[in-house]
Amino acid sequence: MDRSYWYKWIKAAGVRAIKTVAQTAVALIGTNAIGITEVNWVGVASGAALAGIVSLLTSLAGIPEVEAPEVTG
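Because the structure is a prediction, the values reported are computed rather than measured.

Conventions adopted
In this numbering scheme, every chain counts its residues from 1 along its sequence in written order. Selection of residues for local features in this predicted model requires a pLDDT of at least 70, selection of side-chain atom pairs for listing and counting requires 80 or more, and totals for whole chains, interfaces and linings are taken over all residues. Remark: hydrogens and water are excluded; side-chain values derive from all non-hydrogen atoms of the structure. Classification of ring pairs rests on two measures: the distance between centres of Phe, Tyr or Trp rings, Trp counted by its six-membered ring, which must be within 6.5 Å, and the angle between planes, read as stacked under 30 degrees, edge-to-face over 60 and tilted in between. By definition, any uninterrupted DSSP run of H or I lasting at least four residues is a helix, any uninterrupted run of E lasting at least two residues is a strand, and each is numbered from the N terminus. Throughout this description, buried means an accessible area under 20% of the type-specific maximum (1.4 Å probe, protein chains only), exposed means over 50%, and partly exposed covers the range between. Patch membership requires over 30% relative accessible area and the absence of a salt bridge. Like charges are linked within 9 Å, and nonpolar side chains (Val, Leu, Ile, Met, Phe, Trp, Tyr) within 5 Å. Here, Shrake-Rupley sampling with a 1.4 Å probe gives the accessible areas, and only protein chains in the shown set may cover a residue. For this document, the term salt bridge refers to a Lys or Arg side-chain nitrogen within 4 Å of an Asp or Glu carboxyl oxygen. By the convention used here, residues are in contact when the closest approach between their heavy atoms is within 4.5 Å.

**Q** In this structure, what is going on with the packing of aromatic side chains? I would like to understand it.
**A** By convention here, two paired aromatic rings are described through the distance between centres and the angle between planes. Enumeration according to the criterion identifies two aromatic pairs in this entry. Residues Trp6 and Trp9 carry aromatic rings whose centres are separated by 6.1 Å and whose planes lie at 65° to one another, so their mutual orientation is edge-to-face. In this pair, Trp6 and Trp9 both sit in helix α1 (residues 3–29), three residues apart, roughly one turn of the helix. You can call Trp6 partly exposed: its relative accessible area is 41%. A connected cluster of aromatic rings, assembled from ring pairs, spans Tyr5, Trp6 and Trp9.

Structure, rendered in structure tokens:
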């Protein structure tokens, strides 16, 4: 596989992971927190980071936005 495929894959997987981290952080902040001091920021960061790692691992199975080049030979 050529370099351009991997650049596209890394970019697409990175964008997907960043979106997942942001969405997870918003969800984990939740509705129980009344003020900024009541948010468990360590828990939010930990859960969001884990979601990002899972997103990257899921991307290993394939990213529809990036077509794999045909294997010849």
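There's plenty left to go through after this.
**Q** Please clarify how a nonpolar patch on the surface should be interpreted in this entry.
**A** The grouping of Ile29, Ile36 and Trp41 at the surface amounts to a nonpolar patch, some 310 Å² of accessible area in total. Here Trp41 is to be found in helix α2 (residues 41–59). Since its relative accessible area comes to 44%, Trp41 is described here as partly exposed.

**Q** Help me understand the environment of Ala45 in this model?
**A** Within the fold, Ala45 resides in helix α2. Overall, Ala45 belongs to the partly exposed group, its relative accessible area being 45%. Between the alpha carbons of Ala45 and Trp9 there is a distance of 25 Å; along the sequence they are 36 residues apart.

**Q** Explanation requested: the side chain of Ser55 in the structure shown.
**A** Here Ser55 is to be found in helix α2. Dropping the residues within four chain positions of it, Ser55 is found in contact with Arg16, Ala17 and Thr20.

**Q** Which parts of the structure should I look at to understand the environment of Thr20?
**A** Here Thr20 lies in helix α1. Each C-alpha atom of the pair Thr20 and Ala49 lies 9.3 Å from the other, and the pair is 29 residues apart in sequence. In this structure, Thr20 is in contact with Ala51 and Ser55, ignoring residues within four places of it in sequence.

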